[in-house]
Amino acid sequence: MANKSEKRNLVISIGTAGVQALEYSFPPGGGNRATDVSVPEVMNIIELNHDPLPTVEEKALLRSIRRDLIEIKKQISDARTESVTLILSSPWYFSQSRSVVVERDRPFIVDKPFINQLLDEEKRIFLNRATTQLSIPESDEPELLETSIMSVLLNGYETDSFLGKKVQHLRLSIYMSMTLRSLFNELRSIMEEHFSPKKVIVHSGPYVIFKTAVQILEIGSAGAVIVDIGGEITDIIVIRGGIIAENLSFGRGLHFILRRMSSAISVSPAEALSYLKAYADGHADESQEKKLGAVLSEAMTEWQGMFYQAIAGAARVSLLPNSFMLIGEGAQFNIFSSAIEKGGWEELLYRVSPIKIETLYPKFFRDHLRGGGKQFGGGPASTQLFFAMFSTEQEI
């Protein structure tokens, strides 16, 4: 039975491969992250994976998500939930990174009204662009999730303390994201009805990944390319110079591979997952190993080509970091890391060191959290949950 004096919190990650949840708590009197009064304890991990659909159907995915959210409530403790943090992966959000430059002949004061005016204008531009690009139905509208200042340069020098300073040149790097208001309201309604939390927090995946990558993984100025291989979509987050420089995606994920296998060996996409696991572990039936190898080679060549197109676009602005970090459901299979390693895109990289490819598992956060060892034994599909625990919270 849960200790009623503990604060129970929930992080839920919503993607196209499934819904994952992490329940955590702080000791009595704890929970002050700013002063590090306590370290959160992981209480429970729940992974609800969707069977791959024969074809991609957004409405079917949303129905599965609704069922999974209610199922999660059945599996968590009976303690009162203090907060629920929802993390949206593609295609449930739209985001953009922008740089805002203000340069004047005479010095000006950087104060709150000035910054707020800049941010309000950037929000307006971003939401108008999103409305146009996404063809949002007339019955719906965008809902802003984040407007985060990632870095500030005053007269060419980066600083964390910029309010009240007199400068002639200001550069803000901003990350913004949004979702559809209809989805936003529905998710919040489900949370309030079934979880009754004191607050609900909604973030986009890249935001929480960026925050934790900088704070916990200590990526530094060299940066990294985070590759989130979901069920239907692969997200690419390029962190460079301490900011989200690029956030890209393409419509090929693990389920694309499974559908190709399904067609080739006449099984369902869900059954194809078992075949892929057997093949990856070297336990595939000898009669099918050659056929599976040929199918996987063809499918991964297509994935690799789309991956190259995405990162080549990002490299037009500046060369890419040499560090690639993989998360998401597809990251459990080395076919994706091998495809990146054999990509032949060295000309796109800032080559101060050899390319480094790493799959991030929950165990990477073991030294930063309390909890039983089994809570850190999951696969890369649940890694985003741990990223979310360290991100700055935003109440809605």
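Please refer to the structure higher up on the page.
Bear in mind the structure is a predicted one, so any value in this text is a computation, not a measurement.

1. Side note on the overall build of the chain
Now for step 1: Broken down by element type, the chain carries nine helices and 15 strands.
Now for step 2: On C-alpha atoms alone, the chain measures out to a radius of gyration of 22 Å, which is about the 21 Å that the 2.2 N^0.38 rule sets for 396 residues.
Now for step 3: In terms of overall dimensions, the chain has a C-alpha envelope of 75 × 55 × 50 Å along the principal axes.
Now for step 4: In the chain, the share of contacts with a sequence separation of at least 24, taken over all contacts with a separation of at least 6, comes to 72%.
Now for step 5: Split by element, the accessible area of the chain, about 18,600 Å² in all, is 47% carbon and sulfur.
Now for step 6: For the chain, the separation between the mean place of its 41 positive charges and that of its 48 negative charges on side chains is 4 Å.

2. Quick notes on the layout of surface pockets
Now for step 1: Here the largest pocket is characterised by a volume of approximately 550 Å³.
Now for step 2: Lining the largest pocket are 25 residues; nearest its centre among them are Glu58, Pro91, Trp92, Tyr93 and Leu180.
Now for step 3: Put simply, the parts of the chain that give the lining of the largest pocket at least two residues each are α1 (58-75), β5 (94-110), β8 (165-180), α3 (181-194) and β12 (243-250).
Now for step 4: In terms of residue class, the lining of the largest pocket is built from 13 nonpolar, seven polar and five charged.
Now for step 5: Considered as a void within the structure, the second largest pocket measures approximately 310 Å³ in volume.
Now for step 6: Along the wall of the second largest pocket there are 22 residues; nearest its centre are Ile219, Ala222, Gly223, Ala224 and Ser323.
Now for step 7: Taken together, the elements giving at least two residues each to the lining of the second largest pocket come down to β13 (323-327) and β14 (356-359).

3. Re the packing of aromatic side chains
Two numbers describe a pair of aromatic rings. These are the distance of the centres and the angle of the planes.
Now for step 1: Within the structure shown, the criterion is met by ten aromatic pairs.
Now for step 2: Both rings, one in Phe108 and one in Phe114, keep their centres 5.3 Å apart while their planes meet at 45°; by these two values the pair is tilted. The burial state of Phe108 is the same as that of Phe114; both residues are buried.
Now for step 3: In this structure an aromatic cluster arises from ring pairing among Phe250, Trp303, Phe307, Phe324 and Phe336.

4. A few points about empty space enclosed by the protein
Gaps left between atoms show up when a probe the size of a water molecule is rolled over them.
Now for step 1: All told, the structure shown has three cavities of 30 Å³ or more when counted by the stated rule.
Now for step 2: One number sums up the size of the largest cavity: a volume of about 200 Å³.
Now for step 3: Together, 20 residues line the largest cavity, and Gly15, Ser89, Asp228, Gly230 and Gly328 are the ones closest to its centre.
Now for step 4: Put simply, the parts of the chain that give the lining of the largest cavity at least two residues each are β1 (7-14) and β2 (18-26).
Now for step 5: Grouping the amino acids of the lining of the largest cavity by side-chain chemistry returns six nonpolar, eleven polar and three charged.

The rules behind the values
Residues numbered from 1 in each chain as written. Predicted model: local features only at pLDDT ≥ 70, side-chain atom pairs only at ≥ 80, totals over all residues. Heavy atoms only, no water. Helix = DSSP H or I, 4+ residues; strand = E, 2+ residues; numbered from the N terminus. Rg over C-alpha atoms; globule rule 2.2 N^0.38 Å. Contact = heavy atoms within 4.5 Å. Areas by Shrake-Rupley, 256 points an atom, 1.4 Å probe, with all protein chains shown as cover. Lys, Arg positive; Asp, Glu negative; His and termini not counted. Charge placed at Lys NZ, Arg CZ, Asp CG, Glu CD. 1 Å grid on protein atoms, 1.4 Å probe; cavity = no way out; pocket = protein on both sides within 12 Å on 5 of 7 lines; lining within 4 Å. Points joined across faces, edges and corners; volume = space filled by probe spheres on them. Nonpolar A, V, L, I, M, F, W, Y, C, P; charged D, E, K, R; others polar. Phe/Tyr/Trp six-rings, centres within 6.5 Å; stacked < 30°, edge-to-face > 60°. Buried < 20%, exposed > 50% of the residue type's maximum accessible area, 1.4 Å probe, protein only.

Worth remembering: the numbers are spatial, not functional.
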